[in-house]
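Overview (structure and organization)
Read off the chains here:
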Amino acid sequence: MFNLVVTNVPGPQFPLYLLAKRMLHCFPQVPLAAHQSLGIALLSYDGKVGVGLLGDAEAARDLAELAKAMDASLEELHAAA
């Protein structure tokens, strides 16, 4: 049993268009199966990485806090690099 899914998917590294409109951002989602609490998905697109967070009813209350912690960690990693 597990209650967390983390996935990364390499996407196209060139812009995509629909009806002559350029897609600017990608926000991936990973579906939650029964008894899973949290899904974290990453998708690269056109030189950027989009992050999607999905939680069950209980975990959803903490998603904003998780997003802030992830941003802070990425800034720390960027500063160290």
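Residues numbered from 1 in each chain as written. Predicted model: local features only at pLDDT ≥ 70, side-chain atom pairs only at ≥ 80, totals over all residues. Heavy atoms only, no water.

Notes on the pairing of strand E5 (residues 48-55)
For clarity, the threshold we go by: Any two strands with at least two DSSP-identified bridges between them are counted as paired. Under the scheme used here, helices are H or I runs from DSSP no shorter than 4 residues and strands are E runs no shorter than 2 residues, and both carry numbers assigned from the N terminus.
Note that strand E4 (residues 38-45) and E5 share eight bridges and pair antiparallel. Counted as the bridge partner of Tyr 45 is Lys 48 from E5. With antiparallel pairing between neighbouring strands as the criterion, E4 and E5 make up a hairpin whose turn holds two residues, including Asp 46 at a positive phi of roughly 50 degrees.

With respect to the environment of Leu 19
Rule in force here: Relative accessibility under 20% of the residue-type maximum defines a buried residue, over 50% an exposed one, and the middle range a partly exposed one, all with a 1.4 Å probe and only protein chains included.
Relative to the helices and strands, Leu 19 is located in the loop between strand E2 (17-18) and strand E3 (21-22). The exposed category is assigned to Leu 19, whose relative accessible area is 77%.

Considering the confidence of the model for the protein
The following threshold applies: Residue-level confidence of the predictor, termed pLDDT, takes values from 0 up to 100.
Looking at the protein, pLDDT values average 93 and 99% of them are 70 or higher. Confidence, read as mean pLDDT per element, is least for strand E1 (residues 4-9) in the protein (92) and greatest for E3 (97).

Comments concerning the pattern of salt bridges
Rules: Think of a salt bridge as a Lys or Arg side-chain nitrogen and an Asp or Glu carboxyl oxygen that are within 4 Å of each other.
Here the structure, examined in full by the defined rule, presents one salt bridge. A salt bridge links Asp 46 to Arg 22, with the shortest nitrogen-to-oxygen separation between them at 2.4 Å. Of this pair, Asp 46 sits in the loop between E4 and E5 while Arg 22 sits in strand E3; the two residues are 24 residues apart in sequence, bridging distant segments of the chain. Look at Arg 22 and you get partly exposed, because its relative accessible area is 41%.

So, the environment of Leu 4
Short version of the rule: In this description, contact between two residues means that some pair of their heavy atoms is separated by no more than 4.5 Å.
Positionally, Leu 4 belongs in strand E1. Looking at Leu 4, the relative accessible area reads 42%, which means it is partly exposed. Between the C-alpha atoms of Leu 4 and His 35, which are 31 residues apart in sequence, the distance is 9.4 Å. Ignoring sequence-local partners within four residues, the contact set of Leu 4 consists of Leu 38 and Ile 40.

Digging into the sheet that holds E1
Within a sheet, neighbouring strands are paired by backbone hydrogen bonds and run either parallel or antiparallel to one another. Here is the rule: Axis lines are fitted through C-alpha atoms, for helices just across the contact stretch, and the angle between N-to-C directions can take any value from 0 to 180 degrees.
If you walk across this open sheet you meet the three strands as E1-E4-E5, and the pairing is mixed. The open sheet has two edge strands with one neighbour each: E1 and E5. The average angle at which neighbouring strand axes cross in this sheet is 10 degrees, direction not considered. Against the sheet, helix H1 (residues 63-80) touches E4 and E5, its axis set at about 150 degrees to E5.

Section: the side chain of Gln 36
Formally: Throughout this description, a polar contact denotes any pair of N or O atoms lying within 3.5 Å of each other; where both atoms belong to protein, one of them has to be capable of donating a hydrogen while the other can accept it, and for residues adjacent in sequence the pair is counted only when both atoms sit in side chains.
Positionally, Gln 36 belongs in the loop between E3 and E4. Accessibility expressed as a relative area gives 9% for Gln 36, which makes it buried. In terms of polar contacts, Gln 36 uses its side chain to reach the backbone amide nitrogen of Ala 33, at 2.7 Å. Not counting the four nearest positions on each side in its chain, Gln 36 is found in contact with Phe 2, Asn 3, Val 5, Pro 31 and Asp 56.

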